[in-house]
Amino acid sequence: MNLFDVYPVNPINIVRGQGSLVFDNHDTEYLDMYGGHAVISIGHTHPHYVKRLENQLHQLGFYSNSIEIPIQKELAQKLGKVSGKEDYQLFLCNSGAEANENALKLASFYNGKKKVIAFTKAFHGRTSLAVAVTDNPKIVAPVNETDNVIFLPWADETALEQAFANNEISSVIIEGIQGVGGIQVAPSSFLQKIRSLCDQYNAVFIADSVQCGYGRTGKFFSQDFADVNADIYSMAKGMGNGFPVGGIIISPKIQPAYGMLGTTFGGNHLACAAGLAVLEVMEQDNLMQNAATIGEYLIKELKKLEQVKEVRGRGLMIGIELPEELSNVRKELLFKHHIFTGEAKPNVVRLLPALSLTKAHADRFLEAFVNVLNQ
Ligand SMILES: Cc1ncc(COP(=O)(O)O)c(C=O)c1O
């Protein structure tokens, strides 16, 4: 059997990793400034993470949500504490798309309305509702098309007000920093406007924090910079440091009912062990502060480079927009300097490294980047 060939891959076989370094099958070392797409939050194979997962696996890998699972409650407690959203409620699932799917559905159960506001260049995942609120017609199949989604221009307060006027809006879904859209930071005033309109019209504010959340920006949720609380935050990627786990945290104003949401694998013992290990390491090693400090340093240094059109982002979620003629930079970084980075259109290098990235590794990246720009 062949694989269903949907991924354009680099001809590299990564077989092991440690911190921000990964190694291929020839033992060549690579610096990981991409984090496997923002997934590696505490670093590859962190010893505490490995030990916690190993211990859990020896005890029990999985049992379904039909029994008490104390480790889920432990994860919820810890997440409440680290995120500062202690009065929220946690529902666990397995991926970012699934988290958004549940968030949109829950919003509609809550207020009985159908229309969702999303924004240009948004990416929220590939399952049916998640892809319907994603602004990329190429990945929306005819079966996913719906009249329930209204796309508005990014950060346009007037358009937002007008869309709310007929009181049909169930929810607004927004990334605090657009990832796939090219690292666009949502202005604080726009997030505040969403909050006030959602309050006025009893709509639900969904903060897609799958990529920009979980401490990556230096605060737990990037929306925290705007001093607003969303009603639902969706999370995945960094939550399990590579173990597939996603979830939503839900404001106390939204009440649960048996059967309203559900999943077989979500919240399983192993996933919770991974989630707890991540939060424990984040706390012990002060990783949010590290993301803020190293991110600020990288952004400051990158802004000095005259070939760079624009540097955007916060903490360790950074977009470097380059002119069209420098379209080869990522390839050069990978094959000449052995550094993984991410991309976004049109010509944006995306940096999404582990939150534990050291200054020495940041400097190694900067040196290689300058070298590529100047060749
Ligand atoms: C902002 C955002 N939301 C949702 C998703 C979907 O997550 P997943 O691939 O885990 O379904 C992604 C994935 O890149 C994302 O960046």
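Residues numbered from 1 in each chain as written. Predicted model: local features only at pLDDT ≥ 70, side-chain atom pairs only at ≥ 80, totals over all residues.

**What to know about the overall build of the chain**
The condition that has to hold: Helix numbering and strand numbering both begin at the N terminus, where a helix is a DSSP run of H or I of at least 4 residues and a strand a DSSP run of E of at least 2. Using C-alpha atoms as the atom set, the radius of gyration is obtained and then compared with a globule rule of 2.2 Å times the number of residues to the power 0.38. Partly exposed residues are those whose C-beta has more than 12 but fewer than 20 other C-beta atoms within 10 Å; 20 or more makes a residue buried and 12 or fewer makes it exposed, with C-beta atoms placed from the backbone. The contact rule is simple: place each C-beta atom from the backbone, and if two of them lie within 7 Å, those residues are in contact.
Of regular secondary structure, the chain possesses 11 helices and 17 strands. Over its C-alpha atoms the chain spans a radius of gyration of 20 Å, differing by no more than 12% from the 21 Å that the globule rule assigns to 375 residues. The principal-axis extent of the C-alpha atoms belonging to the chain is close to 55 × 55 × 45 Å. Burial analysis of the chain (375 residues in total) assigns 47% to the buried set. A separation threshold of at least 6 residues defines the contact pool for the chain, and within that pool the share at least 24 residues apart is 73%.

**A short note on the domain arrangement of the chain**
Heads up, the condition is: Domain borders in the structure are assigned automatically or taken from a domain database. Residues were grouped as follows: Ala, Val, Leu, Ile, Met, Phe, Trp, Tyr, Cys and Pro as nonpolar; Asp, Glu, Lys and Arg as charged; and all remaining residues, including Gly, as polar.
As assigned here, the chain comprises domain 1 (14-46 + 287-374) and domain 2 (47-284). Counting residues at the interface gives 26 residues for domain 1, matched by 28 residues for domain 2. Counting residues per element, the ones that place at least two in the side of domain 1 that touches domain 2 are helix H1 (35-38), helix H9 (287-303), strand E13 (310-314), strand E14 (317-321) and strand E17 (348-351). Among the elements that make up the side of domain 1 that touches domain 2, the one with the highest residue count is H9 (5 residues). Its residues placed into classes, the side of domain 1 that touches domain 2 shows 14 nonpolar, 8 polar and 4 charged.

**Examining the sheet that holds strand E3 (residues 29-32)**
Spelled out, the test is: The rule for pairing is simple: two strands pair if DSSP sees at least two bridges between them.
Read from one edge of the open sheet, 4 strands run E1-E2-E3-E15, paired in mixed fashion. Pairing within the sheet leaves two strands with one partner each, and these edge strands are strand E1 (14-18) and strand E15 (339-340). Strand direction decides the pairing type here: E1 and strand E2 (residues 21-24), joined by 4 bridges, are antiparallel. In the sheet register, Gln-18 faces E2, and the bridge partner there is Leu-21.

**Structural notes on the pairing of E14**
Within a regular beta strand, the side chains point alternately toward one face of the sheet and then the other, so they alternate between its two faces. A large share of E14 lies buried, amounting to 4 of its 5 residues. As paired elements, E13 and E14 share 5 bridges and run antiparallel to each other. From the neighbouring strand, Glu-310 faces E14, where its bridge partner is Glu-321. In this antiparallel pair of consecutive strands, E13 and E14, the connection spans 2 residues, and Gly-315 shows a positive phi of 55°.

**Brief notes about the site of the ligand**
Selection criterion: Near residues are defined by distance alone, with the backbone-placed C-beta atom required to lie within 6 Å of the molecule or strand.
What surrounds the ligand is a group of 14 residues, the closest being Ser-95, Gly-96, Ala-97, Gly-125 and Val-210. No other element matches helix H4 (residues 96-111), which puts 3 residues into the shell around the ligand. Here the residues of the shell around the ligand sort into 5 nonpolar, 7 polar and 2 charged.

**Remarks on the packing of helix H2 (residues 47-59) against helix H8 (residues 269-284)**
Spelled out, the test is: Here an angle of 0 to 180 degrees is reported between the N-to-C directions of two axes, which are lines fitted to C-alpha atoms, with helices fitted over the stretch in contact. Just so you know how the angles are binned, under 35 degrees is roughly parallel, over 145 roughly antiparallel, 65 to 115 roughly perpendicular, and the rest oblique. We call a crossing left-handed when the near helix sits turned anticlockwise from the far one by less than a right angle, and right-handed when that turn is clockwise.
Running from amino to carboxyl end, H2 crosses H8 at an angle of 155°, the nearest separation of the two axes being 9 Å. Compared by their axis directions, H2 and H8 come out roughly antiparallel. The chirality of how H2 crosses H8 is right-handed. On H8, the residues that touch His-48, Tyr-49, Arg-52, Leu-53, Gln-56 and Leu-57 of H2 are His-269, Leu-270, Ala-273, Ala-274, Leu-276, Ala-277, Val-278, Glu-280 and Val-281. Residue composition of the contact of H2 with H8, grouped by class: 10 nonpolar, 3 polar and 2 charged.

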